[in-house]
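# Structural features, examined
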Amino acid sequence: DQQVKQNSPSLSVQEGRISILNCDYTNSMFDYFLWYKKYPAEGPTFLISISSIKDKNEDGRFTVFLNKSAKHLSLHIVPSQPGDSAVYFCAASALYSGGGADGLTFGKGTHLIIQP
Amino acid sequence: DVKVTQSSRYLVKRTGEKVFLECVQDMDHENMFWYRQDPGLGLRLIYFSYDVKMKEKGDIPEGYSVSREKKERFSLILESASTNQTSMYLCASSSVQGLNTEAFFGQGTRLTVV
């Protein structure tokens, strides 16, 4: 059973507009969430994270929102730029409940395409 | 600058060969992981290690083994490579220290088994 779900395999957004990537999770033990960005033939790079004690974390153009009651998080990128075209993975961990060493559970990814 | 280095970017191996994928990190991280990435399946955890000589199975350990003889090095072994092990393999490491413990990834190894 998939514990982290990214239901949109791809998303196309015009340059300058807002990109919103969504992620749902089922495991209530997850308390730490991350977004990674991946270009082809490269390893994922960390973008931004949020712990379950917060509902929002912002870093420049990137903001992650967490709705614990809905078990939903989203990544907002504004304004979207051509270099943002990549696959974005949502990941989760039970970090504070002792599951941090067990690795991250990833979603299947969303391919974001920024159109000029 | 943190670094996770995988020994090869691209590998082509024959069915039945024993394959070693090496990963080294220079951040003194306790945790190390091996994932594989396949189209439509995301990243799936093969094995992880939280200390030297310690290893734990991830979600898809079948056909793989690992070795961690030194803290900085984590090896993935394909005992007898098969075509369904053709994939992108990603090594990662993370620390147990601090509140934010994102995993850092290597550049990946694209393995093709023919």
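Residues numbered from 1 in each chain as written. Chains lettered and ligands numbered in written order. Predicted model: local features only at pLDDT ≥ 70, side-chain atom pairs only at ≥ 80, totals over all residues. Heavy atoms only, no water.

## So, unusual backbone geometry
Short version of the rule: Only DSSP runs of H or I covering at least 4 residues are called helices, and only runs of E covering at least 2 are called strands; the numbering of each starts at the N terminus. Burial classes: relative accessible area under 20% of the type maximum marks a residue as buried, over 50% as exposed, and values in between as partly exposed (1.4 Å probe, protein chains only).
Cis geometry is adopted by the peptide bond preceding Pro 79 of chain A, which originates at Val 78 of chain A and carries an omega value of -10 degrees. When you line up the elements, Pro 79 of chain A lands in the loop between β8 (72-77) and β9 (86-93). Positive phi values are uncommon outside glycine, yet Lys 71 of chain A reaches one of about 50 degrees. Counting through the fold element by element, Lys 71 of chain A comes out in the loop between β7 (62-67) and β8. A relative accessible area of 26% means that Lys 71 of chain A is categorised as partly exposed. Unusually for a residue other than glycine, Asp 28 of chain B sits at a positive phi of about 60 degrees. Along the polypeptide, Asp 28 of chain B turns up in the loop between β3 (19-25) and β4 (31-38).

## Looking at the pattern of salt bridges
Note on pairing: side chains with opposite charge can pair once their charged atoms come close. Note the following rule: Whenever a carboxyl oxygen of Asp or Glu lies within 4 Å of a side-chain nitrogen of Lys or Arg, that contact is scored as a salt bridge.
Tallied over the entire structure, the rule returns 7 salt bridges over all chains. Between Asp 84 of chain A and Arg 61 of chain A there is a salt bridge; the shortest N-O distance is 2.8 Å. In this pair, Asp 84 of chain A is assigned in the loop between β8 and β9 and Arg 61 of chain A in the loop between β6 (56-59) and β7, connecting sequence segments 23 residues apart. Here Asp 38 of chain B ties to Arg 36 of chain B by a salt bridge, and the two come within 2.8 Å at their closest N and O atoms. With relative accessibility at 8%, the residue Arg 36 of chain B sits in the buried group. Salt bridges here are not isolated pairs; linked through shared partners, they connect Arg 36, Asp 38 and Arg 44 of chain B.

## As for the sheet that holds β3 of chain B
Residues and elements named next belong to chain B. Keep this limit in mind: Two strands qualify as a pair provided DSSP detects at least 2 bridges between them. The axes are straight lines fitted to the C-alpha atoms, using for helices just the contacting stretch, and the angles between their N-to-C directions are given from 0 to 180°.
Taken together, 4 strands build an open sheet; the order of strands is β1-β3-β8-β7 and the sheet is antiparallel. The open sheet terminates on both sides in strands that have one partner only, identified here as β1 (4-6) and β7 (64-70). Recorded for the sheet is a direction-independent mean angle of 20 degrees between the axes of neighbouring strands. For β3 and strand β8 (residues 73-78), the ladder comprises 6 bridges, and the chain directions are antiparallel. When the sheet's bridge partners are listed, Phe 20 is paired in β8 with Ile 77.

Keep in mind that these numbers describe shape and distance, not what the molecule does.
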